[in-house]
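So the chains spell out like this:
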Amino acid sequence: MTALNIFNTIDDLFTNGLFAPFKALRFSGSWWGSNALNFVFVIVALVYFAYWMKESKKFKDTNTEDSSK
């Protein structure tokens, strides 16, 4: 019975708590409002990709990219 309560609590947390903003965005009727979160995710991904490429170039320039050999 306790395990059932734990899973019901997790279900309630996600459906009524964490996903509530997404449900509100879905029914807002605004394309820009609904896709603003996707734009934020794309911008964050591009920033992290640029950082990763900069670090990769730094390791390649110092010849430490394959230091396990």
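Residues numbered from 1 in each chain as written. Predicted model: local features only at pLDDT ≥ 70, side-chain atom pairs only at ≥ 80, totals over all residues. Heavy atoms only, no water.

A. Just the pattern of salt bridges, in detail. Inspection of the entire model under this criterion finds 2 salt bridges. Glu-55 is paired through a salt bridge with Lys-58; the nearest N and O atoms lie 3.1 Å apart. Here Glu-55 and its partner Lys-58 are both found in helix α3 (residues 31–61), 3 residues apart, which amounts to about one turn of the helix. Note on Glu-55: relative accessible area 17%, which makes it buried. Given the relative accessible area of 45%, Lys-58 is considered partly exposed. (Salt bridge = Lys/Arg side-chain N within 4 Å of Asp/Glu carboxyl O. Helix = DSSP H or I, 4+ residues; strand = E, 2+ residues; numbered from the N terminus. Buried < 20%, exposed > 50% of the residue type's maximum accessible area, 1.4 Å probe, protein only.)

B. Summary view of the packing of aromatic side chains. Taken as a whole and judged by the stated rule, the model has 6 aromatic pairs. Between Phe-14 and Phe-19 the ring centres are 5.7 Å apart and the planes differ by 50 degrees, which places this aromatic pair in the tilted class. By relative accessible area, Phe-19 is classed as partly exposed at 45%. Ring pairs connect the aromatic residues Phe-14, Phe-19 and Phe-22, which therefore count as one cluster. Looking at Lys-58, its charged tip hangs above the ring of Phe-59, at a distance of 5.8 Å from the centre. (Phe/Tyr/Trp six-rings, centres within 6.5 Å; stacked < 30°, edge-to-face > 60°. Lys NZ or Arg CZ within 6 Å of the ring centre and 35° of its normal.)

Any functional reading would require information beyond the geometric quantities listed.
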